[in-house]
Amino acid sequence: VLIYRNLGKARAQGMEVTLDVRPARHFRGYLNYSIGRAVDDDTGNQLTNSPDHLLKLGLAAQVTARVSTAAELRYESGRKTVVGTRTKPFLITNLNILTHPFGQTGTLGGTGLLHGFDVALRVTNLFDKKYAYPAGTEHLQTGIEQDGRAFAIRVGYEF
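Procedures and definitions
- Residues numbered from 1 in each chain as written.
- Predicted model: local features only at pLDDT ≥ 70, side-chain atom pairs only at ≥ 80, totals over all residues.
- Heavy atoms only, no water.
- Helix = DSSP H or I, 4+ residues; strand = E, 2+ residues; numbered from the N terminus.
- Rg over C-alpha atoms; globule rule 2.2 N^0.38 Å.
- Buried < 20%, exposed > 50% of the residue type's maximum accessible area, 1.4 Å probe, protein only.
- Salt bridge = Lys/Arg side-chain N within 4 Å of Asp/Glu carboxyl O.
- Pairing = 2+ DSSP bridges.
- Axes fitted to C-alpha atoms, helices over the stretch in contact; angles between N-to-C directions.
- Patch = residues over 30% accessible without salt bridge, like charges linked within 9 Å, V, L, I, M, F, W, Y side chains within 5 Å.
- Areas by Shrake-Rupley, 256 points an atom, 1.4 Å probe, with all protein chains shown as cover.
- Phe/Tyr/Trp six-rings, centres within 6.5 Å; stacked < 30°, edge-to-face > 60°.

1. Focus on the overall build of the protein
Each helix and strand counted, the protein has zero helices and nine strands in total. When the helices and strands of the protein are read in sequence order from the N terminus, they spell out β-β-β-β-β-β-β-β-β. Against the globule reference of 15 Å for 159 residues, the protein gives a C-alpha radius of gyration of 21 Å, more extended than a compact globule. Principal-axis analysis of the C-alpha atoms gives the protein an extent of 65 × 35 × 30 Å. Considering the protein as a whole, with its 159 residues, one finds that 23% of them fall into the buried category.

Given below as structure tokens:
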């Protein structure tokens, strides 16, 4: 039987910086960087499963009146495991495509019952990068491998 109790105290320090750029009406980009360190107050040791660095870079564009796309790169530094080793750092890519095949609500381009429907495709971990997050004490392995490439399709209706 596993029992978890918050017995000690932890301290975290860090900083986050974001740059959001919109150079044109139908184009947007952002860069987000976080640095941090979380430690156990009693021992001064770094906490497990706590990344030192996180970085996100995203670009989005309205390709046509009915299609928009977005891509994101996400980097995470390695994390300390419960046995004192570290997981490997990783960089993954996500991709989104959104289409309004019959026109958007609030525009003059679409009419009828199908006006307002949208279809979205999301691909996470586009290049099928293998990466892991630290496992807990209840696991035999030191890291839990995360999902590879995944596809999601969403159909929505706005009225």
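2. A short note on the pattern of salt bridges
A complete count under the given rule lists eight salt bridges for this structure. With its nearest N and O atoms 3.3 Å apart, the salt bridge here joins Asp52 to Arg86. Pair noted here: Asp52 is in the loop between strand E2 (27-40) and strand E3 (53-62) and Arg86 is in the loop between strand E4 (67-76) and strand E5 (90-99), with a separation of 34 residues, a long-range link. Salt-bridge contacts for Arg79 lead to Glu76; the nearest nitrogen and oxygen are separated by 2.4 Å.

3. Description of unusual backbone geometry
At Asn49, a residue that is not glycine, the phi angle is positive and equals roughly 55°. Among the secondary structure elements, Asn49 is positioned in the loop between E2 and E3. In this model, Asn125 sits at a positive phi of 55°, which is unusual for a non-glycine residue.

4. A word on the pairing of E5
Bridging between E4 and E5 involves 10 bridges; their strand directions are antiparallel. Residue pairing across strands places Glu76 opposite Phe90, the latter belonging to E5. Relative to strand E6 (residues 117-124), E5 runs antiparallel, the two being bridged by five bridges. Residue Leu98 lies in a different strand from E6, and its bridge partner there is Ala120.

5. Some thoughts on the sheet that holds E5
Strand order across the open sheet formed by seven strands is E1-E2-E3-E4-E5-E6-E9, with antiparallel pairing between neighbours. Two strands lie at the open edges of the sheet, namely strand E1 (10-24) and strand E9 (150-157), each paired on one side alone. On average, each strand axis in the sheet is inclined to that of its neighbour by 10°, with strand direction left out of account.

6. Some words on a nonpolar patch on the surface
Residues Leu19, Val21, Leu31, Leu55, Leu57, Leu73 and Leu91 make up a contiguous nonpolar surface patch of about 530 Å² in total accessible area. Elements that contribute at least two residues to the nonpolar patch include exactly E1 and E3. Tracing the backbone through its elements, the reader meets Leu91 in strand E5. On the accessibility criterion, Leu91 (45% relative accessible area) is partly exposed.

7. Things to note about the packing of aromatic side chains
Within the structure shown, the criterion is met by four aromatic pairs. Look at Phe90 and Tyr131: their rings are 4.1 Å apart centre to centre, the planes differ by 25°, and that puts the pair in the stacked class. Here the residue Phe90 occupies a position in strand E5, and Tyr131 occupies one in the loop between E6 and strand E7 (132-134), the gap between them amounting to 41 residues. Residue Phe90 is classed as buried on the basis of its relative accessible area of 3%. Residue classification places Tyr131 among the buried residues on the basis of a relative accessible area of 12%. Aromatic pair Phe90 and Tyr133: ring centres 5.9 Å apart, planes at 70°, arrangement edge-to-face. Here Phe90 is found in strand E5, whereas its partner Tyr133 is found in strand E7, with 43 residues between them in sequence. Here the two residues Phe90 and Tyr133 agree in accessibility, since each one is buried. Each member of the aromatic cluster is reached from another via a ring pair, and the members are Phe90, Tyr131 and Tyr133.

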